[in-house]
Amino acid sequence: MSNHLNLLLILPVLLGLQACTSTRYVSQAANTDMRIDGHPDEWAGRFEIPKGEDFAMGISHDKNYLYVAINSMDRTFERQLAMRGLTIWVDARGKERETLGVRFQSLIPMDRHPGTSGNRSSSNSDTDRQDLFRTRSPFKGDLDLIVVDGSGRERLGPADLLATAMAGAGGLVLEYQIPLALLGEDYEAGQRLGVGLSSEFHRSNLPAGSRGGMSGGGLSAGGRGAMSGGGKRGGGHSGGQPGMQGRPDQTDLDVWFKVEFAQP
């Protein structure tokens, strides 16, 4: 049974998922017991599975914060985020502009085993990473976040910008608390937002000796292709490094949602 089918069969039982056949998401008001702790209890009934993806998405809000939760039982998806990081983009004008990003970096360098120094052969590193994920996950608590603007400039975020990730029997769960104040003057309370998820293959994560000759495929920040259907860019699941398409953990994730706020 495929990982994607496992996700579709198991997660609805655990979390009351709904199928999401478009990239439109209606954010409901956050529960008063909202906690950024890596446990999805307060998200029951609020997760949706974007069409064609191997994760579920939940979005909620209050007057000060946008809350985002991601849940997946797919280990390939978990490896992808651990090795390449994840950026959540928020467009205050409701479109698909990468103007404000919240990013955590790779947790596992692609060319070395965690906890060791120096380069290892590509085949050995691949085996090491597979063995690592069979026994434990690097997702086990608070994530270090940076704020990124449309020009790629990075800065530290405010103290109330939070994210936690936990991996367990219910799969990987990431929870974010994003201050709406970060959106600045472009944002008016209640207006539609564009929210994107991006996890991309970067040159710095390639094993030594395989970094030359890279072109196309949206491999670097700002090097994405034009929009294609389904709210994806840079080739979606079929993008990534040429010759790497057979490696699911080395394709680009790039999906956008149009988020509307439910009326009170």
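Residues numbered from 1 in each chain as written. Predicted model: local features only at pLDDT ≥ 70, side-chain atom pairs only at ≥ 80, totals over all residues. Heavy atoms only, no water.

**Description of the overall build of the protein chain**
Phase 1 of the analysis: Helix and strand content of the protein chain: three helices and 14 strands.
Phase 2 of the analysis: Looking at the protein chain as a whole, 49% of its 264 residues qualify as buried.
Phase 3 of the analysis: Considering only intrachain contacts with a sequence separation of at least 6, the fraction spanning at least 24 residues in the protein chain is 66%.
Phase 4 of the analysis: Just so you have it, the protein chain exposes about 12200 Å², and 49% of that area is on carbon and sulfur atoms. (Helix = DSSP H or I, 4+ residues; strand = E, 2+ residues; numbered from the N terminus. Buried < 20%, exposed > 50% of the residue type's maximum accessible area, 1.4 Å probe, protein only. Contact = heavy atoms within 4.5 Å. Areas by Shrake-Rupley, 256 points an atom, 1.4 Å probe, with all protein chains shown as cover.)

**Focus on the nonpolar core**
Phase 1 of the analysis: In terms of nonpolar packing, the biggest core is built from 42 residues, with L66, Y176, I178 and L197 touching the most fellow members.
Phase 2 of the analysis: A total of five residues in this core trace back to one element, the largest contributor, which is strand 14 (residues 253-261).
Phase 3 of the analysis: In this structure, W43, F47, A56 and Y65 belong to the second largest nonpolar core, which totals 10 residues. (Core = buried A, V, L, I, M, F, W, Y, C linked by side-chain atoms within 4.5 Å.)

**Focus on the pairing of strand 14**
Phase 1 of the analysis: Where burial is concerned, most of strand 14 is hidden: seven out of the nine residues are buried.
Phase 2 of the analysis: Both strand 13 (residues 193-199) and strand 14 contribute to a ladder of seven bridges, which runs antiparallel. From the neighbouring strand, L193 faces strand 14, where its bridge partner is V259. (Pairing = 2+ DSSP bridges.)

**A closer look at helix 2 (residues 75-84)**
Phase 1 of the analysis: With nine of 10 residues buried, helix 2 lies mostly within the body of the structure.
Phase 2 of the analysis: Listing the buried residues of helix 2 in full gives T76, F77, E78, R79, Q80, L81, A82, M83 and R84.
Phase 3 of the analysis: Its side-chain oxygen at 3.0 Å from the backbone nitrogen of T76, D74 defines the N-terminal cap of helix 2.
Phase 4 of the analysis: Where helix 2 terminates, the next one or two residues include G85, which has phi positive at roughly 75°. (Polar contact = N/O pair within 3.5 Å; in protein donor to acceptor, adjacent residues only side chain to side chain.)

**Brief notes about the pairing of strand 2 (residues 24-29)**
The side chains of a regular strand alternate, residue by residue, between the two faces of the sheet.
Phase 1 of the analysis: Two strands pair when backbone bridges link them, and strand 2 and strand 14 are joined in this way by four bridges, in the parallel orientation. Across the sheet, residue R24 finds its bridge partner in strand 14, namely K258.
Phase 2 of the analysis: Bridge count between strand 2 and strand 4 (residues 56-61): two bridges; the pairing is parallel. Directly across from Q28, in strand 4, lies its bridge partner S60.

**What about the packing of aromatic side chains?**
Phase 1 of the analysis: Under the definition given, this model contains four aromatic pairs.
Phase 2 of the analysis: Note on W43 and F47: the rings are 6.1 Å apart at their centroids and 45° apart in plane angle, and the pair reads as tilted.
Phase 3 of the analysis: A centroid spacing of 6.1 Å and a plane angle of 50° characterise the contact between Y65 and Y67, whose relative ring orientation is tilted. Each member of the pair Y65 and Y67 is classed as buried. (Phe/Tyr/Trp six-rings, centres within 6.5 Å; stacked < 30°, edge-to-face > 60°.)

**Some details on the environment of L193**
Phase 1 of the analysis: Tracing the backbone shows L193 in strand 13.
Phase 2 of the analysis: The class for L193 is buried, based on a relative accessible area of 0%.
Phase 3 of the analysis: For the pair L193 and K258, spaced 65 residues apart in the sequence, the C-alpha separation amounts to 6.0 Å.
Phase 4 of the analysis: Contacts of L193, omitting those with residues within four sequence positions, involve L66, V90, D91, A92, G94, L183, Y187, F257, K258, V259 and F261.

**A few points about the confidence of the model for the protein chain**
The predicted coordinates ought not to be read in detail in places where the model reports low pLDDT.
Phase 1 of the analysis: Confidence in the prediction for the protein chain averages 73 pLDDT; 62% of positions are at 70 or higher.
Phase 2 of the analysis: A low-confidence stretch, residues 5-22 (pLDDT under 50), is modelled with 41 contacts involving residues beyond four sequence positions or located in other chains.
Phase 3 of the analysis: Taken as a whole, residues 112-123 scores under 50 in pLDDT and shows 14 contacts with residues more than four places along the chain or in a different chain. (pLDDT = per-residue confidence, 0-100.)

**Regarding the side chain of N71**
Phase 1 of the analysis: Mapped onto the secondary structure, N71 falls in strand 5 (residues 65-72).
Phase 2 of the analysis: Look at N71 and you get buried, because its relative accessible area is 1%.

**Focus on the environment of K258**
Phase 1 of the analysis: Assignment of secondary structure puts K258 in strand 14.
Phase 2 of the analysis: Here the alpha-carbon distance between K258 and R192, two residues 66 residues apart in the chain, equals 7.0 Å.
Phase 3 of the analysis: Once residues within four sequence positions are removed from consideration, K258 is found in contact with T23, R24, Y25, G94, E96, R192 and L193.

**A word on the environment of N31**
Phase 1 of the analysis: As for its placement among the helices and strands, N31 is situated in the loop between strand 2 and strand 3 (48-50).
Phase 2 of the analysis: Given a relative accessible area of 29%, N31 falls into the partly exposed group.
Phase 3 of the analysis: Setting aside residues no more than four positions away along its own chain, N31 makes contact with E42 and R46.
Phase 4 of the analysis: Here E42 takes part through its backbone oxygen, which lies 2.9 Å from a polar atom of the side chain of N31.

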